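Inside the fold
In case you want the letters, here they are:
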Amino acid sequence: MNLEFTQEEIAFREEVRAFIEENHPKHLEGMGNREDMTPEDMTAWHKILGRKGWSAPAWPVEYGGTGWTPTQRYIWSEENARVGTFMPLPFGISMVGPVIYTFGNDAQKQQHLPGILSGDVWWCQGYSEPGAGSDLASLKTTAVRDGDHYIINGQKTWTTLAQHADWGFFLCRTDPDAAKPQEGISFILIDMKTPGVEVKPIKLIDGGHEVNETWLTDVRVPVENLVGVENQGWTYAKFLLAHERSGIAGVARSKRGVEKLREIAAQETIDGKPLISDFDFARKVSQLEIDLAALEYTELRTLAGEQAGKGPGPESSILKIKGTEIQQRLTELTLEAVGSYGTPMYGSIADVGSNQYPIGPDYAQLSAATYFNMRKTSIYGGSNEIQRNIITKMILGL
Ligand SMILES: Cc1cc2nc3c(=O)[nH]c(=O)nc-3n(C[C@H](O)[C@H](O)[C@H](O)COP(=O)(O)OP(=O)(O)OC[C@H]3O[C@@H](n4cnc5c(N)ncnc54)[C@H](O)[C@@H]3O)c2cc1C
């Protein structure tokens, strides 16, 4: 793994930097996950990248990927993190897209891949249920065959941004009598406008509406929407989770986050001196940077492995754990740096037309909301405790 950029790679960096500079909407720079983002804001960059042919760098070229090397993909992430672009949501590009081009049939590829690439079709993930999160294989939503349809009944939960979704990919039980619970599950695509699909909001502690309950009552879905083979959905579900997890690490964004934290800590003071010169605070920031550098090398090794034809395997669990711990520590240190200015919870300050007057510097305004919001990262994509179990079994062989 050579980390010196070649002349070609430097030229590539210039090219993508210029493209981002010219094409990324200025009003969306550094928006992160702010509550006032509209669905149009969230898909704006995706659609621009779709037109350029750059929305899915990791896909095989034959399906619309860019054919970039791991180093080019690394440069691409870095350049996006520099300006804080809102990258394509993972549900289409990183999750169901790879499942469809790997296990789907030609008709499914033709129907779904173009809309995923262009960003015109919004997808959501229907895996978790009230009684099936970590123990996902115990899921109860049923799909019962009725002629050339499945009749689907059940309740999913935590369905992220399903209120905007056009389509969802759902895990459903198609064989309740299978010897093992994993063996009776199928992976089914559902048009969210189908009668019987109902999406109800779950309000989070940061005040946002990011997740939902999704109720499915006698939802009639054509059998053509089954991906792969009936009762083998668990295989596809696990394949998807490995892609989901490696994408959660967010190294480039955390690097930008640490830079921002240093900027904040240079402006905030303690005993009349810049906070960043405080030994204890500086030590915590340095430790974070060291851990982030270690994670970066692990991610680069994984990317290099992918380039050599090895899909993301159990090492994606390491990326997930370390990446999310770092993201959480970053928000903790930011909250610590802004001190009492972090105390007000501006549930609606970001709302369009809000007349609340912020207290303290701009960078402090959403620090508490972000801190609370980022607690999710060690839970979603499979909790970090479960990732440790996977590492113990699959990597350490214990
Ligand atoms: C913000 C957010 C967005 C999400 N988005 C989606 C989505 O879009 N689609 C979707 O399908 N799901 C989504 N999820 C659900 C997510 O995947 C689950 O929350 C997660 O898998 C954990 O399941 P659970 O919440 O049922 O917790 P549980 O499984 O009940 O776990 C509770 C606690 O027990 C621990 N635990 C459980 N079993 C073990 C074990 N064997 N060993 C050690 N510890 C254990 C867990 O680590 C956790 O700390 C989202 C979750 C969040 C928070």
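My aim in this report is to walk through the structure given alongside it, one point at a time. What you see is a predicted model; the values in this text were computed from it and never measured.

For the protein, the count of helices and strands is eleven helices and ten strands. Here the C-alpha radius of gyration of the protein, 22 Å, is about what a compact globule of 398 residues would show, namely 21 Å. Side chains of the protein give 38 positive and 52 negative charges; the mean places of these two sets differ by 3 Å.

With that out of the way, let us pick up the site of the ligand. In the neighbourhood of the ligand, 17 residues make up the surrounding shell, with Ser128, Ser134, Thr160, Ser383 and Glu385 lying closest. A distance of 2.9 Å is found between an oxygen atom of the ligand and a backbone nitrogen or oxygen belonging to Tyr127. Between Asn389 and the ligand, the recorded distance is 3.1 Å, taken from a side-chain N or O atom to a nitrogen atom. Burial of the ligand by the protein chains amounts to 67% of its free accessible area of 980 Å². In terms of residue count, the dominant contributor to the shell around the ligand is helix 11 (residues 384–395) (three residues). Of the residues in the shell around the ligand, the class split is six nonpolar, nine polar and two charged.

Summarising the element assignment, Gln387 is placed in helix 11. Apart from the residues lying within four places of it in its own chain, the contact partners of Gln387 are Arg245, Ser317, Lys320, Ile321, Gly381 and Gly382.

Ranked by size, the top nonpolar core spans 55 residues in total, and within it Tyr127, Ile152, Phe169, Phe187, Ile188, Leu189 and Ile190 carry the most contacts. The dominant element in this core, judged by the number of residues it contributes, is helix 4 (residues 90–103), at seven residues. The residues touching Ile152, leaving out its near neighbours within four places in the chain, are Thr141, Thr142, Ala143, Cys172, Ile188, Ile190, Leu216, Thr217, Asp218, Val219 and Val221. Core analysis: the second largest hydrophobic core is formed by 19 residues, Leu261, Phe281, Leu319 and Ala337 among them.

Further remarks concern the state of the cysteines. Applying the stated criterion across every chain, the model contains zero disulfides. Lacking any disulfide linkage, Cys124 is separated from the closest cysteine sulfur, that of Cys172, by 12 Å. The buried category is assigned to Cys124, whose relative accessible area is 0%.

Our next topic: the packing of aromatic side chains. The tally for this structure, following the rule as stated, stands at 15 aromatic pairs. Between the aromatic rings of Trp54 and Trp76, the centroid separation amounts to 5.3 Å while the plane-to-plane angle is 75°, which identifies the pairing as edge-to-face. With a gap of 22 residues between them, Trp54 in the loop between helix 2 (39–52) and helix 3 (70–83) and Trp76 in helix 3 connect regions that are remote in the sequence. Here the aromatic rings of Trp59 and Tyr101 are separated by 5.2 Å at their centres, their planes lie at 65°, and the arrangement is edge-to-face. Taken together, the residues span a long stretch of sequence, with Trp59 in the loop between helix 2 and helix 3 and Tyr101 in helix 4 at a distance of 42 residues. Like Tyr101, Trp59 is buried. Put simply, the rings of Phe12, Phe19, Trp45, Trp54, Trp68 and Trp76 pair up and form one aromatic cluster. Over the face of the ring belonging to Tyr150 we find Arg145, whose NZ or CZ atom lies 5.8 Å from the ring centre.

Moving on, we get to the pairing of strand 5 (residues 185–191). Among the seven residues of strand 5, six are classified as buried, and the element is accordingly described as predominantly covered. Relative to strand 8 (residues 226–227), strand 5 runs antiparallel, the two sharing two bridges. Across the sheet, residue Phe187 finds its bridge partner in strand 8, namely Val227.

Okay, the pattern of salt bridges next. Counting across every chain of the model gives 21 salt bridges. Lys47 is paired through a salt bridge with Asp120; the nearest N and O atoms lie 4.0 Å apart. A residue pair is termed long-range when its members are at least 10 positions apart, and Lys47 in helix 2 and Asp120 in the loop between helix 5 (106–118) and strand 1 (123–126) qualify at 73 residues. For Asp120, a relative accessible area of 52% corresponds to the exposed category. With a closest N to O distance of 2.8 Å, Lys255 and Glu296 form a salt bridge. Residue Lys255 is found in helix 7 (residues 251–267), and its partner Glu296 is found in helix 8 (residues 279–307); the two are separated by 41 residues along the sequence. Since its relative accessible area comes to 24%, Lys255 is described here as partly exposed. Residue class for Glu296 comes out buried when judged on its relative accessible area of 10%. Linked by salt bridges that have partners in common, Asp280, Arg283, Lys284 and Glu336 make up one network.

What counts, and at which threshold
- Residues numbered from 1 in each chain as written.
- Predicted model: local features only at pLDDT ≥ 70, side-chain atom pairs only at ≥ 80, totals over all residues.
- Heavy atoms only, no water.
- Helix = DSSP H or I, 4+ residues; strand = E, 2+ residues; numbered from the N terminus.
- Rg over C-alpha atoms; globule rule 2.2 N^0.38 Å.
- Lys, Arg positive; Asp, Glu negative; His and termini not counted.
- Charge placed at Lys NZ, Arg CZ, Asp CG, Glu CD.
- Near = heavy atom within 4 Å.
- Polar contact = N/O pair within 3.5 Å; in protein donor to acceptor, adjacent residues only side chain to side chain.
- Areas by Shrake-Rupley, 256 points an atom, 1.4 Å probe, with all protein chains shown as cover.
- Nonpolar A, V, L, I, M, F, W, Y, C, P; charged D, E, K, R; others polar.
- Contact = heavy atoms within 4.5 Å.
- Core = buried A, V, L, I, M, F, W, Y, C linked by side-chain atoms within 4.5 Å.
- Buried < 20%, exposed > 50% of the residue type's maximum accessible area, 1.4 Å probe, protein only.
- Disulfide = S-S within 2.5 Å.
- Phe/Tyr/Trp six-rings, centres within 6.5 Å; stacked < 30°, edge-to-face > 60°.
- Lys NZ or Arg CZ within 6 Å of the ring centre and 35° of its normal.
- Pairing = 2+ DSSP bridges.
- Salt bridge = Lys/Arg side-chain N within 4 Å of Asp/Glu carboxyl O.

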